[in-house]
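One letter stands for each residue in the lines below.
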Amino acid sequence: MATMSADQILDALDPEQREVATALHGPVVVLAGAGTGKTRAITHRIAYGVRVNAYTPQSVLAVTFTARAAGEMRQRLRGLGVDGVQARTFHAAALRQLSYFWPEVVGGQIPRLVEQKASLVGRAARDAGISPDRLTVRDLASEIEWAKVSLVDPADYPAKVARIGRPTPAGLAPAQVQDVMRAYEDVKTQAVVLDFEDILLLLADMIGRHPEVGDQIRRQYRHFVVDEYQDVSPLQQFLLEQWLGGRRELCVVGDPAQTIYSFAGASPQHLLGFSRTYPDATTVRLVRDYRSTPQVVRLANELMRRRGAAGAGVELVAQRPSGPAPGYRAYDDDAAEAEGVATGIATLIASGVPASEIAVLYRANSQSEALEEALAERGIGYLVRGGQRFFDRDEVKRAVVLLRGAAVAPDERPLGERVRDTLGELGWAEDPPAARGAVRERWDALQALVNLADDVDSDAGGAATVRDFVEHLAERAQAQHAPSVEGVTLTTMHAAKGLEWDAVFIVGCSEGLLPISLAETDEAVEEERRLLYVAITRAREHLALSFARSRKAGGKATRKRTRFLEQQWPDARPARVARQSTSAKLADLDAEQLRLFDSLKRWRLEVAQADSKPAFTVMVDTSLVEIARDRPANLRELAGVSGIGASKLDKYGLQILEIVAAH
């Protein structure tokens, strides 16, 4: 496209976005609500700075948290006529710099990067005298990642987790986890490999120890932009400070209401405390929501409007025309909820809403099974997001190989025709297969490539070649920017962040799922509230929220709708007193009930140690308190206790009843 003038760049923005774009120097913090065009604002800021000669493109480093977001930023900048800006994830930017300086500072080639640390953690655990199962290895790997991004040294780990009350993984003692952490570093050294956290740690250390490295980086990059700043970890913040070297050319963008990764070390405190760090910082609030209807925006605002909570974000102002009111449904059981959602989806598709513009969001991956069955019964295609990456699928890899081969053969036919012929060798056909499951998923993936080829050819005015298409696929694969698959998206609320659809169904809106039963502290519950906010704000027009009163058909209706929607649900009664904390509930127990509670805790600890997993994964305190208070006499009554589903009932039910009977 033709190069845009500085005035044209600004003309495309609303007043607040323009304020961001023209704040070219000094520390700038942008508090950007969901759907308010933050990417548009910061890319136009960079483009405007280049156009008025405040920046050279090569002097700008824009960092974000996903390869897809970085790729979108680069694409938008090219659309504005700006090339040369480095838009990368923290890890991609750090790896590029570390690889460049490693031969000079350390010598030789940089060690191999391992993407999965499970095998190394398993070896480290065994070296530390622990015989871990698969889940223990997974939990230890997550704890090692948390410690590293939180800048917690193994020597300080026991004191740190004791101070913040963090439960250790797999029911292990802090000293045991400490031993695994130390052994893990030894195993990596022996294997001559690095993990993702090492990339940031080693680069930050290199900059600190070798001033010439820091000087060279700072001569290259003079202006920094950080997207999704509410998700920055202490390690990422430390590296950012090393990059800056005391300079103030920093623009950060984020929304404290979308902080949903605290469990992984993310902290909104850097965003919330930015104005204290830089008292003279320019602060801009983006509040105009261009994504969602007033009805969706109203619900999002009501959810977060509670006693002026710190970190609640901005109050959104809807810019779209009015739409349908959010729907609320209570079903008898999970299967009925899945069937109801599938029926609603079928109705939307029949009314003209594309299946690819519909999503079903849930709190836990285990909730997808019933939804998949219900959609399959109706012949509705779906994609479970969060599983295997699109470009890592076998059929996509084989398709790319075949397309590369086709690119070297001279052929004057249109791109779409050549791609269809090539993918036909992998079993693609014009009509989708009748079968569901893996067969249909493979066809859907190949069909996505066909549709993408048509789009690429259309953008090129019908002149695109197979070579052009292969290069386009390579760029998308590098950015993990998968093409749209024509099907309903099923995904967790966490994985939905950064995405949007015309219609969103949020299922499982009940206590124990939302907030999840593991959220026992006030901080954890508020993060669950923010997670629901993220889910709600994914919807452009249609929004439906539901829950099931029972897990199984004919089961006891023990589930209650989430406290977060108590005021919004159509038949809502006056607000009840907020749920008591565990300590408050314990205070209500009499002496005999407390003795039963203690017996239940001892049993839970024995089970956890035997299974090598955290005690709270066996059963949370609130469930034990409820058992001690109500003293269930049979499995039916025990099933009515919050937090006890069918699996826990089958596994532990008789043991619990024996303990209750003994008292």
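Predicted, not measured: the structure shown is a model, and the values here were computed from it.

(A) Seen up close, the confidence of the model for the protein chain. When pLDDT is averaged along the protein chain, the result is 88, and 94% of the positions lie at 70 or above. Mean pLDDT in the protein chain bottoms out at helix H23 (residues 582–587), which sits at 61, and peaks at strand E15 (residues 501–506), which reaches 97. Contacts for the low-pLDDT stretch residues 573–579, under 50 throughout, to residues beyond four places or in other chains number eight contacts.

(B) Layout of the nonpolar core. Trp-243, Leu-250, Ile-506, Ile-536, Leu-543 and Leu-545 are the most contacted members of the largest nonpolar core, which has 73 residues in total. Broken down by element, this core gets its largest block of residues, seven residues, from helix H22 (residues 522–536). If near-sequence neighbours (up to four positions away) are discounted, Trp-243 is found in contact with Leu-61, Val-63, Phe-90, Ala-93, Ala-94, Gln-97, Leu-203, Ile-207, Ile-217, Arg-218 and Phe-224.

(C) Geometry of the pattern of salt bridges. One pass over the structure, following the stated rule, counts 42 salt bridges. We note a salt bridge from Arg-559 to Asp-334, for which the minimum N-O separation is 2.6 Å. Within this pair, whereas Arg-559 is found in the loop between strand E16 (539–550) and H23, its partner Asp-334 is found in helix H16 (residues 334–350), the two being separated by 225 residues in sequence. For Asp-334, a relative accessible area of 25% corresponds to the partly exposed category. Its salt-bridge partner being Arg-629, residue Asp-630 comes within 2.9 Å of it at the nearest N-O pair. Look at the salt bridges and you will find they share partners, linking Lys-38, Asp-227, Glu-228, Asp-231 and Lys-497 into a network.

(D) Just unusual backbone geometry, in detail. A cis amide bond links Leu-514 with the next residue in sequence, Pro-515, at an omega value of 5°. Structurally, Pro-515 can be placed in the loop between E15 and H22. Of note, the phi angle at Leu-151 is positive, near 60°, even though the residue is not glycine. Mapped onto the elements, Leu-151 comes out in the loop between helix H7 (134–149) and helix H8 (157–164). Among the residues examined, Leu-151 registers a relative accessible area of 42% and is labelled partly exposed. Phi angles above zero are rare outside glycine, and Val-192 is one such case at about 55°. With respect to the secondary-structure elements, Val-192 resides in the loop between helix H9 (174–191) and strand E5 (193–194).

(E) The arrangement of the layout of surface pockets in detail. Considering only enclosed or pocket space, the second largest pocket measures out at about 280 Å³ in volume. If you go around the second largest pocket, you meet 18 residues; those closest to its centre are Gly-327, Phe-505, Leu-543, Ala-544 and Leu-545. Secondary structure elements with two or more residues in the lining of the second largest pocket: strand E11 (327–333), H16, E15 and E16. A total of five residues in the lining of the second largest pocket trace back to one element, the largest contributor, which is E16.

The rules we used
All residue numbers refer to position in the chain's written sequence, counted from 1. Given that this is a predicted model, residues contribute local features only at a pLDDT of at least 70 and side-chain atom pairs are listed and counted only at 80 or more, while totals for whole chains, interfaces and linings are drawn from all residues. To obtain the side-chain values, all non-hydrogen atoms of the structure were included, while hydrogens and water were left out. pLDDT is a per-residue confidence score from the predictor, ranging from 0 to 100. Each helix is a run of DSSP H or I of at least 4 residues and each strand a run of E of at least 2, with the numbering of both proceeding from the N terminus. Contacts were defined at the residue level, with two residues in contact if any of their heavy atoms lie within 4.5 Å. Side-chain atoms within 4.5 Å link the members of a nonpolar core, which is a set of buried Ala, Val, Leu, Ile, Met, Phe, Trp, Tyr and Cys residues. For every residue, the accessible area (1.4 Å probe, protein chains only) is compared with the maximum for its type, and the residue is labelled buried under 20%, exposed over 50%, or partly exposed between those bounds. By convention in these notes, a salt bridge is any Lys or Arg side-chain nitrogen within 4 Å of a carboxyl oxygen on Asp or Glu. Method remark: on a 1 Å grid restricted to protein atoms, a set of points is classed as a cavity if a 1.4 Å probe fits but cannot get out and as a pocket if it is open with protein on both sides within 12 Å along at least five of seven lines; lining residues have an atom within 4 Å of a point. Grid points are joined across faces, edges and corners, and a volume is the space filled by probe spheres set on the points.

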